[in-house]
Amino acid sequence: MLLIKNGRLVDPKSHFNDVTDILIDNGKIIKIANDIEAPDGAEVIDASRYYVTPGLIDVHVHFRDPGFTYKEDIYTGANAAKKGGFTTVVMMANTNPAIDNLDTLKYVLDKAAETDINVLTCGDITKGLKGKELVDMPSLKEQGAVGFTDDGIPIMDAEILREAMRVAKELNVPLSFHEEDLKYNDNNGINKGRASTHFNIGGADRMAEISMIKRDIKMALEEGAICDFQHISAKESVNLIYEAKKKLLSEKGIDIPDYNFTDDINISDIKGITTEDALGITIHAEATPNHFTLTEDDVIKHGTLAKINPPIREEADRMAIIRGLKANAIDLIVTDHAPHSAEEKDRPITEAPSGIIGLETSLALAFTELVKTGYLTLEEVIAKMTINPAKMYNIDAGYVSEGANADLTIFSEDEWVPKEYASKSSNTPFTGRILSGKVKYTICGGKVVYEG
Ligand SMILES: [Zn+2]
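Per chain, residues are indexed from 1 in the order of the written sequence. Two thresholds apply to this predicted model, a pLDDT of at least 70 for residue-level local features and 80 or more for giving and counting side-chain atom pairs, whereas whole-chain, interface and lining totals are computed over all residues. Only hydrogens and water are removed before side-chain values are computed, so all heavy atoms of the structure are retained for them.

Asker: Explain the packing of aromatic side chains to me, using residue names and the numbers behind them.
Answerer: Stacked, edge-to-face and tilted are the three classes for Phe, Tyr and Trp ring pairs, Trp counted by its six-membered ring, which pair at centre distances within 6.5 Å; planes under 30 degrees apart are stacked, over 60 edge-to-face, the rest tilted. Taken as a whole, this structure holds 7 aromatic pairs when the rule is applied. Here the aromatic rings of F177 and F229 are separated by 5.8 Å at their centres, their planes lie at 65 degrees, and the arrangement is edge-to-face. One end of the pair, F177, is in strand β10 (residues 175-177); the other, F229, is in strand β11 (residues 227-229), with 52 residues separating them in the sequence. Accessibility assignment for this pair places F177 and F229 in one class, buried. Pairing F367 with F411 gives two aromatic rings, centres 6.2 Å apart and planes at 75 degrees, and the pair type is edge-to-face. Placement of F367 in helix α13 (residues 362-371) and of F411 in strand β14 (residues 408-416) is noted, with a sequence separation of 44 residues between them. Buried means the residue's accessible area, taken with a 1.4 Å probe over protein chains only, is under 20% of the maximum for its type, while exposed means over 50%, and partly exposed covers the values in between. Taking relative accessible area as the criterion, F367 reaches 3% and is therefore assigned buried. Residue class for F411 comes out buried when judged on its relative accessible area of 0%. When the ring centre of Y75 is taken as reference, the NZ or CZ atom of K111 above it lies at 5.0 Å. Lying over the aromatic face of Y441, K440 brings its terminal NZ or CZ to 5.9 Å of the ring centre. Each helix is a run of H or I in the DSSP string that is no shorter than four residues. Each strand is a run of E no shorter than two, and both are numbered from the N terminus. In this scheme, Lys NZ or Arg CZ marks a charge over a ring once it lies within 6 Å of the ring centre and within 35 degrees of the ring normal.

Here is the structure:
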């Protein structure tokens with residue numbers, strides 16, 4: 001038995017936000033109450049300085065396994081996850097071989113089962129991520145894929161995408177989209193603007209994202225499949241997603257205010273979509289800590305370490321993303337954990353691969369940039385890292401209640417500085433930055449799997 005004493009439990013599903021005790025037995029939460037007496041032999045955690053939340057969930061990670069295990073593998077990825085407070089992650093499927101067939105799916109799920117957290121995976125939407133032929137989605141789902149994505153690559157053929165939406169709707173599984181029409185990009189990973197000018201290259205234009213989101217939102221509204229628009233980078237995209245959600249909600253008789261997130265709106269005044277309403281509709285969108293923390297200035301400063309797809313853009317984009325998070329236009333916070341070796345990131349700016357590791361700094365960046373600034377409440381932030389992604393992927397997790405699996409994250413407001421990583425890679429511009437929000441315990445299935 002494990003007893004957590006006097007922690008501040010923040011559970012977005014029930015809106016519980018108070019100091020309490022939590023008793024765990026056999027992997028389950030068996031009692032939530034004040035002043036629980038420790039049963040004989042129970043391990044006791046004094047959580048009186050800490051927040052206790054549902055175990056964090058990240059539905060966008062790259063563990064590079066199989067194919068690129070010099071960057072990360074499923075074991076080290078899981079270690080990075082639990083150090084960051086995550087008890088459930090969903091892997092993307094751009095491995096080599098890709099997760100477009102049952103053998104590779106079995107390989108990753110067998111290896112995932114050896115970790116002590118919940119490592120789940122998407123399958124690809126198209127064979128070899130080539131955008132030409134759909135995978136056997138029913139079989140892959142049957143064998144354990146929780147969703148489908150060609151993340152890393154946009155699906156240019158609209159008819160293939162429509163077909164994927166129809167099958168996904170039939171199967172009731174989510175699709176996740178990396179939205180960048182590469183014809184607008186001279187170089188990927190660096191915003192066309194001040195950053196591309198600084199590096200004297202062509203850069204990646206915001207129209208790459210805007211044009212794809214326009215096309216795919218229209219189709220998503222027509223087909224009704226569960227669609228997740230990944231790692232939003234442009235302020236215009238936030239407006240497009242919010243308008244689509246407004247339309248879906250008005251069909252259910254729910255009216256929400258109009259917003260233009262490019263306007264200088266006072267964030268605490270925003271009354272957007274409630275968590276409950278955001279969970280009840282089919283369109284979802286992600287923000288990464290990279291996109292709500294960094295601007296082009298950081299890319300100019302950190303070079304390839306801040307090179308990601310889609311790129312970090314301007315302060316106006318960053319603020320629109322934060323307003324979008326407040327309004328639940330963006331209802332998921334994900335890391336897009338994307339490990340690369342030091343040798344790869346040492347290459348020239350146009351040749352280095354795009355991506356930043358994120359699992360070990362995600363909670364702290366969200367706490368520092370969204371909660372401490374007063375933009376979002378802790379409950380609003382935690383919802384986007386627990387119940388919202390769980391609901392979208394149909395995962396029974398992301399909430400704290402008696403009878404639920406004992407997946408919990410316990411953290412303080414303490415300051416710390418990222419230096420060393422459990423990940424095999426260390427490609428992040430956040431090394432050396434002072435952050436608030438330090439994971440103390442990660443508890444998965446009733447077991448302490450990480451202690452900070
Ligand atoms: Zn992506």
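Asker: Which residues make up the pattern of salt bridges, and what values go with them?
Answerer: A pairing counts as a salt bridge when a side-chain nitrogen of Lys or Arg comes within 4 Å of a carboxyl oxygen of Asp or Glu. With the rule as written, the count across this model stands at 28 salt bridges. Put simply, K218 and E222 hold a salt bridge, and the shortest N to O gap is 3.2 Å. Remark: E222 and K218 occur in helix α6 (residues 207-223); sequence separation between them is 4 residues, near one turn of the helix. One continuous salt-bridge network, built from bridges that share partners, spans R162, R166, K218, E222 and E223.

Asker: Pulling in residues and values, what's your account of the sheet that holds strand β13 (residues 332-333)?
Answerer: Here, strands pair whenever DSSP counts at least two bridges between them. Spatially, β9-β10-β11-β12-β13 is the arrangement adopted by the 5 strands of the open sheet, whose pairing is parallel. Edge positions in the open sheet fall to β9 (148-149) and β13, since each of these has one partner strand only. In terms of strand pairing, β9 meets β10 through 2 bridges, oriented parallel. Looking at β10, one finds that F148 is bridged to L175. With respect to the sheet, helix α7 (residues 235-251) is in contact with β11 and β12 (283-287), its orientation differing from that of β12 by roughly 150 degrees. Throughout, a contact is declared for two residues whenever any of their heavy atoms are within 4.5 Å. Note on method: axes are straight lines fitted to C-alpha atoms, helices fitted across the in-contact stretch only, with angles between N-to-C directions ranging 0 to 180 degrees.

Asker: Describe the side chain of E360, listing the residues and the values that go with them.
Answerer: Looking at where E360 falls in the secondary structure, it is placed in the loop between α12 (342-345) and α13. Under this definition, polar contacts are N or O atom pairs within 3.5 Å; protein pairs additionally need one hydrogen-donor-capable and one acceptor-capable atom, and for neighbouring residues in sequence, both atoms have to be side-chain atoms. Side-chain polar atoms of E360 contact the backbone nitrogen of A422, separated by 2.8 Å. If near-sequence neighbours (up to four positions away) are discounted, E360 is found in contact with A80, K83, G84, W416, E420, Y421, A422 and S423.

Asker: A description of helix α1 (residues 74-83) should follow, citing residues and the corresponding values.
Answerer: The buried count for α1 comes to 7 of 10 residues, which makes it a mostly enclosed element. Packed against the buried residues of α1 are β7 (86-91), α2 (102-113), β8 (118-121), β15 (435-444) and β16 (447-451). At the N-terminal boundary of α1, the capping side chain belongs to D73, with an oxygen 2.9 Å from the backbone nitrogen of Y75. Where α1 ends, the next residue or the one after it, G85, has phi of about 90 degrees, a positive value.

Asker: So what's going on with the coordination of the zinc ion? Which residues, and what values?
Answerer: Bound to the zinc ion on the protein side are D151 (OD), H178 (ND1) and H231 (NE2), at distances that span 2.0 to 2.3 Å. With water excluded from the atoms, a metal site may look incomplete; its donors are any N, O or S atoms within 2.8 Å, or within 3.2 Å for Na, K and Ca. Counting gaps between the donor residues of the zinc ion yields the pattern D-x26-H-x52-H. Of the two residues, D151 is situated in the loop between β9 and α4 (158-171) and H178 in the loop between β10 and α5 (194-199); the sequence distance between them amounts to 27 residues. For the pair D151 and H178, a shared accessibility class is recorded, and that class is buried.

Asker: Now, about the domain arrangement of the chain: what can you tell me, with residues and values included?
Answerer: Segmentation of the chain into domains, including their bounds, is taken from an automatic or database domain assignment. In terms of domain boundaries, the chain breaks down into domain 1 (2-49 + 410-451) and domain 2 (55-398). Its C-alpha centre places domain 1 at a distance of 25 Å from the equivalent point of domain 2. Each partner contributes to the interface: domain 1 provides 32 residues, whereas domain 2 provides 50 residues. Contact between domain 1 and domain 2 buries roughly 3400 Å² in total, counting both sides, with carbon and sulfur atoms accounting for 64%. Values labelled buried area give the accessible surface lost by two parts on being combined, using a 1.4 Å probe and summing over both.

Asker: Break down α4 for me, citing the residues and quoting the values.
Answerer: For α4, which comprises 14 residues, the first-to-last C-alpha distance of 20 Å matches the rise-based estimate of 20 Å (1.5 Å per residue) to within 8%. Inspection of α4 places I160, L161, R162, A164, M165, V167, A168 and L171 among the buried residues, and these make up the whole buried set. Where α4 is buried, its residues touch α3 (137-142), β10, α6 and β11. Its side-chain oxygen placed 2.9 Å from the backbone nitrogen of E159, D157 serves as the N-cap of α4. In the stretch just after α4, N172 is the one whose phi turns positive, near 55 degrees. Multiply 1.5 Å by the residue count of a helix minus one, and that product is the helix's expected span.

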